Amino acid sequence: MDIRTILADHGLVEASSSSGFSTGTDFADVEQQLNNLDQYLKQSFRDGLIEEMEAKKIESYINTLNDYSQRIQERYDFVLNNESLKDGPVKKELLDAKAAYDSNYFDLLTTISAAIKDGVSSAEEGKQVDTQYRVLMDSTSRFERAMEAALYAIINERSTVAETNAKEYAASIMGQLAVDGLLSGAEREYVQDKIIAMVGFVVPATGDLPDMSTLEASKKGEIYSVRKQAVSVGIGVDDAAYNGLETAYNNLRTYLNTLSPRAWDTGSDVGVKVDKELWTDAWTGYYNALFDLKQAITEKLNGRVTETENKYDSDISDPENGLVTRMNNAESKISDGEIINTVVNSIEYQLSLDQKANSTDLADYASLADLTQATQELYDNFDAQIGGLDFSYVTASQLSQRADELSIQFRSSGGINLLKNSTGFAGLDFWSVTGTADTIQNAELDARGATSGFILNEGTLRQTFLVTSGIYTVSTLVKKGAEGSGYIKVSDDTQSFAVPFNAGTEYDYTKYSINISPTGNQITVELYGDAASGIIFTSNMANIGPEPLQWQHSPGELYNTNVLMDMNGVRVMSSVYKGYTAITPEEFAGYAEVDGQMTKIFTLNKEVTEMTKTHVDSEIAMGSIKILPINTATYNGWAFVPSDE
């Protein structure tokens, strides 16, 4: 999800508007204009003279740059004065970054003015301008990061307030229904909707609210769902929050079952009399308990580490427990959630046969033909609904079908990984590097899907990304021999969770995941391996939600062995020699390895093409003159002749 979508969700911009808040575009415009100005200044300074036409062109660049900077100033004022941006480190960094940007912006324009005012520019003045340009570019990047961090802080603050308000709002609405001590027909329809959400089915108009054991058996409704999730993350059934929800529901159930007609009886013409205080207390208690258990689940997920062993085909032919041996003596059955191998002669298998229904037992149930017809009708209706949707913006789709759900996911280039260059296809781009770190590609990594990974020897990699509230999961595949140690660490401003990979223990592409509920607006992922470890990290993934997702690229990334595309631009790798062609916001250039060093061979500098070497087969044309090769017994060189133009 991009920043505009998040801002729109929180009412900070209009989602359909083509104008409005777009910090990324504004800063990109400034950076591009700065780059254009820098390139033109370098060209103008070459002969040491600033002609009138060049001075006017430079002035035009600066005027455009001022317009872009004014747009950023408006965005800055909006963010700084937003009531949801509280005092703290984020706001201080925004103030400091803006002050540095303003100061360096002024310094650059002052330096340019001094360099061109007399129509003569020295090499020293050109160097000073170039230095100030680079300083301003750094401060522009810092300012952009501070602005985005402030926006996420605003979103987090609003989300926190919204969560609290949601609980209070739900209880207050119920309280308002009982203001007059009587539930009307329309009010009972609202209550019925809440009851259905709570228990997962329609309660008979004259029936009682079901007890907790009935809800557990039905496996429906928000109460069952939340309690099941609580157990799955490790909250015990004796936990105060877990039992608190049951107590609150029983209190609400006890009171509602005393009302006649029932509060969810929408067919009765008789008004339902309620005690305002008892009614409000029962509903408030329920919603508070539901919120408390959800909070407990979030807290329990925070810092959770999950290890998943990756098993491969090395055990297939084991003579005692190998797959071949087991399959020769077992029956395989695929169920909804697992593959079960049942030994035919076992007692368990015979008992299972005794529990199976015979044909008489199944006579009144739907046949396969009945189910096939019903399924086809469902698919026809589903196809009709999908056919009415606009998919013009979709570049890829995925259909996921399970026993209890049917969902469709859409995505554009890349994926939903919050880590950029997560496996090192683009070298060490986007990672902060300390010590010795490199990338590795081999068949072993290719077999595991990511193809590439990071290898660390007394090295550390760090990457920070912006987040909102909720649960996030960071996962990795780790390979390490018995020697050396390392770790993966996930942290924010106030907490840190790590998984150590100890010396003496081998890891064969073991998957680990860490859950974190950020207290701030950014998360940092850190990978480390000591000098003896040679540890490999691959399939590094950061995603929203409590479960690790299958590895994929970050949005906007397209990486393979020949083409690299991300927010830095496009690089096409040569399959013939060590080198590549780069198309980035800064340049269009070609690189090749010369004397062991990666060297820029050619570049397009506005209207000038610069190169180290060139080979021309027949001629070079320049306006009214062209150069032709002369290779005769008498002459060997160039001939300058009139062109055909």
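Residues numbered from 1 in each chain as written. Predicted model: local features only at pLDDT ≥ 70, side-chain atom pairs only at ≥ 80, totals over all residues. Heavy atoms only, no water.

Draft legend 1. Region of the structure containing the overall build of the protein. Counting secondary structure elements, the protein contains 14 helices and 25 strands. A total of 645 residues make up the protein; the buried ones form 37% of that total. Counted over contacts in the protein with a minimum sequence separation of 6, partners at least 24 positions apart contribute 64%. (Helix = DSSP H or I, 4+ residues; strand = E, 2+ residues; numbered from the N terminus. Buried < 20%, exposed > 50% of the residue type's maximum accessible area, 1.4 Å probe, protein only. Contact = heavy atoms within 4.5 Å.)

Draft legend 2. Focus on the side chain of Ser268. As for its position among the elements, Ser268 is in the loop between helix H9 (240–256) and strand E2 (272–273). A relative accessible area of 19% means that Ser268 is categorised as buried. From its side chain, Ser268 meets the backbone nitrogen of Val270 in a polar contact 3.1 Å long. Here Ser268 is in contact with Arg188 and Pro261, once residues within four sequence places are set aside. (Polar contact = N/O pair within 3.5 Å; in protein donor to acceptor, adjacent residues only side chain to side chain.)

Draft legend 3. Examining the packing of helix H6 (residues 185–199) against helix H8 (residues 221–232) more closely. Between H6 and H8, whose axes approach to 2 Å, the crossing angle comes to 30°. Within the contact between the two elements, H6 uses Ala197, Met198 and Val199 and H8 uses Gly221, Glu222 and Ile223. Across the contact of H6 with H8, the residue classes tally to four nonpolar, one polar and one charged. (Axes fitted to C-alpha atoms, helices over the stretch in contact; angles between N-to-C directions. Nonpolar A, V, L, I, M, F, W, Y, C, P; charged D, E, K, R; others polar.)

Draft legend 4. Here's a closer look at the pairing of strand E14 (residues 522–529). With seven of eight residues buried, E14 lies mostly within the body of the structure. As judged from the eight bridges shared by strand E9 (residues 452–466) and E14, these two strands associate in the antiparallel manner. Among the inter-strand pairings, Arg462 is bridged to a residue of E14, identified as Glu526. Across six bridges, the pairing between strand E11 (residues 486–491) and E14 is antiparallel. Looking across to E14, one finds that Val490 is bridged to Val525. (Pairing = 2+ DSSP bridges.)

Draft legend 5. Up close: a nonpolar patch on the surface. A surface patch of nonpolar side chains, amounting to about 260 Å² of accessible area, comprises Ile583, Phe588 and Leu604. Within the secondary structure, Phe588 is located in strand E20 (residues 588–594). For Phe588, a relative accessible area of 35% puts it in the partly exposed group. (Patch = residues over 30% accessible without salt bridge, like charges linked within 9 Å, V, L, I, M, F, W, Y side chains within 5 Å. Areas by Shrake-Rupley, 256 points an atom, 1.4 Å probe, with all protein chains shown as cover. Salt bridge = Lys/Arg side-chain N within 4 Å of Asp/Glu carboxyl O.)

Draft legend 6. Structural context of H8. The terminal C-alpha atoms of H8 lie 17 Å apart, and with 12 residues this matches the ideal 16 Å at 1.5 Å per residue to within 8%. If you check which residues of H8 are buried, you get Ile223, Tyr224, Val226, Arg227 and Ala230. Buried residues in H8 make contact with H6, helix H7 (212–218), H9 and helix H10 (276–301). Backbone geometry just after H8 places Gly234 at a positive phi near 105°. (Expected span 1.5 Å × (residues − 1).)

Draft legend 7. Quick look at the pattern of salt bridges. Applying the stated rule across the entire model yields 12 salt bridges. Asp429 serves as the salt-bridge partner of Arg571, at 2.8 Å between the closest nitrogen and oxygen. Taken together, the positions of Arg571 in strand E18 (residues 569–573) and Asp429 in the loop between strand E7 (406–411) and strand E8 (432–441) put the pair 142 residues apart, joining distant regions of the chain. Across the pair Glu619 and Lys626 runs a salt bridge whose closest N-O atoms are separated by 3.9 Å. For Lys626, a relative accessible area of 11% corresponds to the buried category. Beyond isolated ion pairs, a larger network of salt bridges with shared partners links Glu216, Arg227 and Glu246.

Draft legend 8. Representation of the packing of aromatic side chains. All told, the structure shown has 16 aromatic pairs when counted by the stated rule. On the basis of an interplanar angle of 65° and a centroid distance of 5.2 Å, the ring pair of Trp431 and Phe454 is categorised as edge-to-face. With Trp431 in the loop between E7 and E8 and Phe454 in strand E9, the pair connects residues that are 23 residues apart, well separated along the chain. Exposure class is identical for Trp431 and Phe454. Each is buried. Ring centres of Tyr580 and Tyr591 lie 5.0 Å apart, and the angle between their planes is 20°; this geometry places the pair in the stacked category. In this pair, Tyr580 sits in strand E19 (residues 579–583) while Tyr591 sits in strand E20, placing the two residues 11 residues apart along the sequence. What makes Tyr591 buried here is its relative accessible area of 15%. Among the aromatic residues, those joined into a cluster by ring pairs are Tyr76, Tyr101, Tyr105 and Phe143. If you follow Lys98 out to its NZ or CZ, it ends over the ring of Tyr76, 4.9 Å from the centre. Above the face of the Tyr580 ring, Arg571 is positioned so that its terminal group lies 5.9 Å from the ring centre. (Phe/Tyr/Trp six-rings, centres within 6.5 Å; stacked < 30°, edge-to-face > 60°. Lys NZ or Arg CZ within 6 Å of the ring centre and 35° of its normal.)

Draft legend 9. Main features of the sheet that holds E19. Read from one edge to the other, the open sheet built from seven strands follows the order E16-E17-E18-E19-E20-E21-E22, with strand pairing classed as antiparallel. Two strands lie at the open edges of the sheet, namely strand E16 (558–559) and strand E22 (608–611), each paired on one side alone. Looking at chain direction, strand E17 (residues 563–566) and E18 are connected through four bridges and run antiparallel. Paired with Asp566 across the two strands is Gly569, which belongs to E18.

Draft legend 10. Region of interest: the environment of Leu109. Examined against the element boundaries, Leu109 turns out to sit in helix H4 (residues 89–116). For Leu109 and Ile62, which are 47 residues apart along the polypeptide, the C-alpha to C-alpha distance reads 8.0 Å. When sequence neighbours within four positions are dropped, the list of residues in contact with Leu109 reads Ile62 and Asn66.

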